[in-house]
Amino acid sequence: GAVVSQHPSRVICKSGTSVKIECRSLDFQATTMFWYRQFPKQSLMLMATSNEGSKATYEQGVEKDKFLINHASLTLSTLTVTSAHPEDSSFYICSAREPGQGLAIYNEQFFGPGTRLTVL
Amino acid sequence: QKEVEQNSGPLSVPEGAIASLNCTYSDRVSQSFFWYRQYSGKSPELIMSIYSNGDKEDGRFTAQLNKASQYVSLLIRDSQPSDSATYLCAVKEGLTYKYIFGTGTRLKVLA
């Protein structure tokens, strides 16, 4: 159980185009999903927290107009990188939290396989 | 700014040895701690979670937590070449659901 998928796994696009990445919880309903970005040889940096039916909460320094997040259902969140530029090339990883699992301290995130974005 | 610190390595150990990975964190309120393994180009996979002071063992892995010292470690016994990866320490921020990741320690197990 607790499987999270991402699509696409890899995308190459031209500078100035927009790219949409999907994150799906396959066997549970995810009240909250998280989007991370990882540059080469660096750690995962949280970009935003996405709650179903409400606006995403962005971390400091993340441009909300550039990284559009939609969490329209309990099993799907999307991240759209608008007007992508080469500096947006990175590994984007989503995770999902399964609700109702007792105390919050025991609540774990389940990670998707990641999407490698390359902007030419 | 809440931080999670790890030695970036690489930490090289011979096959069969014990690998010891360390992590310190700054948020005294944190209650949940995780160790993830990440192979190059792949997403992190959970190895261990630990919530209480002391040791928690799972197969060849033992996580140790000392909240007073704000320190969490991971021991890998009988290290195998397949254990070669980057190990990420993650701390749940305070009483929120957010994770803060360390920069990771690269482990090399030499055959």
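Here the structure is a predicted model, which is why all the values come from computation and not from measurement.

Rules behind the numbers
- Residues numbered from 1 in each chain as written.
- Chains lettered and ligands numbered in written order.
- Predicted model: local features only at pLDDT ≥ 70, side-chain atom pairs only at ≥ 80, totals over all residues.
- Heavy atoms only, no water.
- Helix = DSSP H or I, 4+ residues; strand = E, 2+ residues; numbered from the N terminus.
- Rg over C-alpha atoms; globule rule 2.2 N^0.38 Å.
- Buried < 20%, exposed > 50% of the residue type's maximum accessible area, 1.4 Å probe, protein only.
- Contact = heavy atoms within 4.5 Å.
- Areas by Shrake-Rupley, 256 points an atom, 1.4 Å probe, with all protein chains shown as cover.
- Pairing = 2+ DSSP bridges.
- Axes fitted to C-alpha atoms, helices over the stretch in contact; angles between N-to-C directions.
- Salt bridge = Lys/Arg side-chain N within 4 Å of Asp/Glu carboxyl O.
- Nonpolar A, V, L, I, M, F, W, Y, C, P; charged D, E, K, R; others polar.
- Phe/Tyr/Trp six-rings, centres within 6.5 Å; stacked < 30°, edge-to-face > 60°.
- Lys NZ or Arg CZ within 6 Å of the ring centre and 35° of its normal.

Structural notes on the overall build of chain A
Part 1 of the argument: Along chain A, the regular secondary structure elements total zero helices and 11 strands.
Part 2 of the argument: Relative to the 2.2 N^0.38 estimate, which gives 14 Å for 120 residues, the radius of gyration of chain A is 14 Å and therefore close to what a compact globule would have.
Part 3 of the argument: On the principal axes, the C-alpha backbone points of chain A span a range of 45 × 25 × 25 Å.
Part 4 of the argument: For chain A, the residues scored as buried account for 48% of the 120 residues in total.
Part 5 of the argument: In chain A, once contacts between residues fewer than 6 apart in sequence are set aside, the share between residues at least 24 apart is 56%.
Part 6 of the argument: Total accessible area computed for chain A in this model is approximately 5900 Å², and 52% of it derives from carbon and sulfur atoms.

Focus: the sheet that holds strand β1 (residues 4–7) of chain A
Residues and elements named next belong to chain A.
Part 1 of the argument: On the basis of which strands lie adjacent, the open sheet formed by four strands has the order β1-β3-β8-β7 and antiparallel pairing. Edge strands, defined here as strands with exactly one partner in the open sheet, are β1 and β7 (67–73). With strand direction ignored, the average angle separating the axes of adjacent strands in the sheet is 15 degrees.
Part 2 of the argument: Bridging between β7 and strand β8 (residues 76–81) involves five bridges; their strand directions are antiparallel. Along β8, the bridge assignment pairs I69 with L79.

Quick notes on the interface of chain A and chain B
Part 1 of the argument: Taken residue by residue, the interface counts 22 residues in chain A and 21 residues in chain B.
Part 2 of the argument: In this assembly, chain A and chain B are joined by one salt bridge.
Part 3 of the argument: A salt bridge links E59(A) to K98(B); its shortest N-O distance comes to 3.0 Å.
Part 4 of the argument: Among the elements of the structure, β4 (32–38), β5 (45–51), β9 (90–97) and β10 (109–111) of chain A are those that each provide at least two residues to the side of chain A that touches chain B.
Part 5 of the argument: When the residues that make up the side of chain A that touches chain B are grouped by side-chain class, the tally is 11 nonpolar, seven polar and four charged.

Considering the packing of aromatic side chains
Part 1 of the argument: Summed over all chains, the structure comprises 14 aromatic pairs over all chains.
Part 2 of the argument: Ring geometry for F111(A) and F101(B): centres 5.9 Å apart, planes at 75 degrees, overall edge-to-face. Within this pair, whereas F111(A) is found in strand β10, its partner F101(B) is found in strand β10 (residues 99–101), the two belonging to separate chains.
Part 3 of the argument: Looking at F111(A), the relative accessible area reads 13%, which means it is buried.
Part 4 of the argument: The buried category is assigned to F101(B), whose relative accessible area is 7%.
Part 5 of the argument: Ring pairs connect the aromatic residues Y36(A), F111(A), F34(B), Y36(B), Y51(B), Y99(B) and F101(B), which therefore count as one cluster.
Part 6 of the argument: The ring of Y97(B) has R97(A) sitting right over it, with the charged end atom 3.6 Å from the ring centre.

Re unusual backbone geometry
Leaving glycine out, the prevailing phi sign among residues is negative, and the prevailing peptide bond configuration is trans.
Part 1 of the argument: The omega angle of the peptide bond from H7(A) to P8(A) is 0 degrees, so this bond is cis rather than trans.
Part 2 of the argument: Going from G9(B) to P10(B), the amide bond is cis rather than trans, its omega being 15 degrees.
Part 3 of the argument: If you trace the backbone, P10(B) turns up in the loop between β1 (4–5) and β2 (11–14).
Part 4 of the argument: Although it is not a glycine, S83(A) sits at a positive phi angle of roughly 45 degrees.
Part 5 of the argument: Relative to the elements of secondary structure, S83(A) occurs in the loop between β8 and β9.

A word on the sheet that holds strand β6 (residues 54–58) of chain B
Residues and elements named next belong to chain B.
Part 1 of the argument: Strand order in the open sheet made by the five strands is β1-β3-β8-β7-β6, with antiparallel pairing throughout. Bordering the open sheet on either side are β1 and β6, each of which pairs with just one other strand.
Part 2 of the argument: Inspection of the sheet shows strand β7 (residues 61–66) paired to strand β8 (residues 71–76) by six bridges, in the antiparallel sense. Counterpart to T62 in the pairing with β8 is L75.

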